[in-house]
Amino acid sequence: MSIEQGVLYVVATPLGNLGDLSPRAQETLAQVALIAAEDTRHSARLLRHFGIKTPLIALHEHNERERSAELIARLKAGDALALISDAGTPLISDPGYTLVRAAHAERLRVCPIPGPCALIAALSASGLPSDRFAFEGFLPARATARRAHLTTLQHETRTLIFYEAPHRLQDSLSDMCAVFGAERQAVLARELTKIFETVRNDSLQGLCDFVHADPQQQKGECVILVQGAPAPLALEHTIALDSETLLRALLTELPVKQAVRLAAAISGVKKNDLYDLALRLK
Ligand code: SAM
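Remember, predicted model here, so these are calculated numbers, not experimental data.

Looking at the overall build of the protein chain
- A tally of regular secondary structure across the protein chain gives 11 helices and 10 strands.
- Here the C-alpha radius of gyration of the protein chain, 27 Å, is well above what a compact globule of 282 residues would show, namely 19 Å.
- Contacts in the protein chain between residues at least 24 apart in sequence constitute 68% of all its contacts with a sequence separation of at least 6.
- Split by element, the accessible area of the protein chain, about 15200 Å² in all, is 53% carbon and sulfur.

This is the structure:
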């Protein structure tokens, strides 16, 4: 594979297991002129492991604006550059948004080199519905703001995914218990791809107890996933169900005509519809 000049490559790097750096990612990192990294010391270790000698430059939340201008100038001059973060996919709760936006504004090509991402790895192994999900990133650190934010998500029907720092894991889980209900199904995905990996599917209360009982679970990097709220029944469906229950009860005590008349008066459903239903129920 050979890289194209003037392209910004957004390269995913391992979450822990170095075997997850794809061959395409390795080739890209080896061939670009410069790699913008969140923490150059951390990324230097990764590059050393793979024998990659490409120079690194720091790009983090405190210098992203000025650094982006510099990198855009290099891209416009024809250099190929790569963007990486400390772990996983850049821009996913990581720096890079300003640079990628600036590249698009200049009509430069931005090419993803996909790979590890904690939220996707956690979801794929969670056993929770994965057809629709909402990634919420990190919750607010302060308890009041965190609970208020969770309350806005109480009725969300999609699977919810949160990143969390280990020292806030217990507090966040107990707030989720209080807001979403102790019985809501959830998953703790910890230390993914590392030696002490945990993927535990349980009720929120079960997860609170599990983490509380084992101090080991209170350390390391983690993702919390929570099953969405049950979808509300459509209004007609609710009425139909209620009127059927009502009609069934009345039919046990009254003749059909009388039962239908009363059920129609109480539920507002058309007499003819209830009459047909009564005949089927009889
Ligand atoms: N860009 C990264 C990605 O693609 O997932 C995420 C970076 S964000 C600053 C760091 C958070 O990702 C951690 O606090 C944790 O919630 C999650 N994370 C990163 N590595 C993880 C791992 N090995 N196991 C579980 N969660 C992880």
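Points about the site of the ligand
- Close contacts around the ligand come from 19 residues, with Thr89, Asp94, Ala118, Tyr163 and Cys222 the closest.
- Between an oxygen atom of the ligand and a side-chain N or O atom of Tyr163, the distance comes to 2.6 Å.
- Measuring from a nitrogen atom of the ligand, one finds a backbone N or O atom of Leu192 at 2.8 Å.
- The protein chains hide 91% of the 570 Å² of surface that the ligand would expose on its own.
- For the shell around the ligand, the secondary structure elements donating two or more residues are β7 (159-164) and β10 (222-226).
- Class assignment for the residues of the shell around the ligand results in 11 nonpolar, 3 polar and 5 charged.

Some thoughts on helix α3 (residues 64-76)
- Taking 1.5 Å of rise per residue, 13 residues should cover 18 Å, and α3 covers 18 Å from first to last C-alpha, within 8% of that figure.
- Turning to α3, its buried residues number three or more, namely Glu64, Arg67, Ser68, Leu71, Ile72 and Leu75. All buried residues of α3 lie within an arc of 140° about the axis, which places them on one face of the element. Opposite the buried face of α3, by more than 90 degrees, sit the exposed residues Glu66, Ala69 and Lys76.
- On its buried side, α3 packs onto β1 (7-11), β2 (34-37), β3 (56-58), β4 (81-84) and α4 (97-105).
- Where α3 terminates, the next one or two residues include Gly78, which has phi positive at roughly 110°.

Structural notes on the packing of aromatic side chains
- Enumeration according to the criterion identifies 2 aromatic pairs in this entry.
- Their ring planes at 65° and their centres at 5.8 Å tell us that Phe138 and Tyr163 sit as a pair that is edge-to-face. Here Phe138 is found in strand β6 (residues 133-138), whereas its partner Tyr163 is found in strand β7, with 25 residues between them in sequence.
- For Phe138, a relative accessible area of 49% corresponds to the partly exposed category.
- What links up through ring pairs into an aromatic cluster is the set Phe135, Phe138 and Tyr163.
- When the ring centre of Phe210 is taken as reference, the NZ or CZ atom of Arg200 above it lies at 4.1 Å.

A word on the packing of helix α7 (residues 169-180) against helix α8 (residues 204-213)
- Two elements in contact, α7 and α8, have axes separated by 9 Å at closest approach and are oriented at 160°. Viewed along their axes, α7 and α8 adopt a mutual orientation that is roughly antiparallel. In this structure, the crossing between α7 and α8 has a hand that is left-handed. Facing Leu169, Gln170, Leu173, Ser174, Met176, Cys177 and Phe180 of α7, the residues of α8 in contact are Leu204, Gln205, Leu207, Cys208, Val211 and His212.

A look at unusual backbone geometry
- In this structure, Leu91 takes a positive phi of about 75° despite not being glycine.
- Within the secondary structure layout, Leu91 lies in the loop between β4 and α4.
- We note that Ser93 has phi near 50°; this positive angle belongs to a residue other than glycine.
- Looking at the secondary structure, you find Ser93 in the loop between β4 and α4.
- Here Ser93 falls in the partly exposed class, since its relative accessible area comes to 35%.

Notes on the pattern of salt bridges
- Considering all chains together, one arrives at 12 salt bridges under this definition.
- Glu106 serves as the salt-bridge partner of Lys76, at 3.0 Å between the closest nitrogen and oxygen. You can see Lys76 sitting in helix α3 and its partner Glu106 sitting in the loop between α4 and β5 (109-113), a full 30 residues away along the chain.
- As a salt-bridge pair, Arg147 and Asp175 come within 2.8 Å of each other at their nearest N and O atoms.

Reading the values: rules and limits
Residues numbered from 1 in each chain as written. Predicted model: local features only at pLDDT ≥ 70, side-chain atom pairs only at ≥ 80, totals over all residues. Heavy atoms only, no water. Helix = DSSP H or I, 4+ residues; strand = E, 2+ residues; numbered from the N terminus. Rg over C-alpha atoms; globule rule 2.2 N^0.38 Å. Contact = heavy atoms within 4.5 Å. Areas by Shrake-Rupley, 256 points an atom, 1.4 Å probe, with all protein chains shown as cover. Near = heavy atom within 4 Å. Polar contact = N/O pair within 3.5 Å; in protein donor to acceptor, adjacent residues only side chain to side chain. Nonpolar A, V, L, I, M, F, W, Y, C, P; charged D, E, K, R; others polar. Expected span 1.5 Å × (residues − 1). Buried < 20%, exposed > 50% of the residue type's maximum accessible area, 1.4 Å probe, protein only. Arc of directions from axis to C-beta. Phe/Tyr/Trp six-rings, centres within 6.5 Å; stacked < 30°, edge-to-face > 60°. Lys NZ or Arg CZ within 6 Å of the ring centre and 35° of its normal. Axes fitted to C-alpha atoms, helices over the stretch in contact; angles between N-to-C directions. Parallel < 35°, antiparallel > 145°, perpendicular 65-115°, else oblique. Left-handed = near helix turned anticlockwise from the far one by under 90°. Salt bridge = Lys/Arg side-chain N within 4 Å of Asp/Glu carboxyl O.

In short, geometric facts, not functional conclusions.
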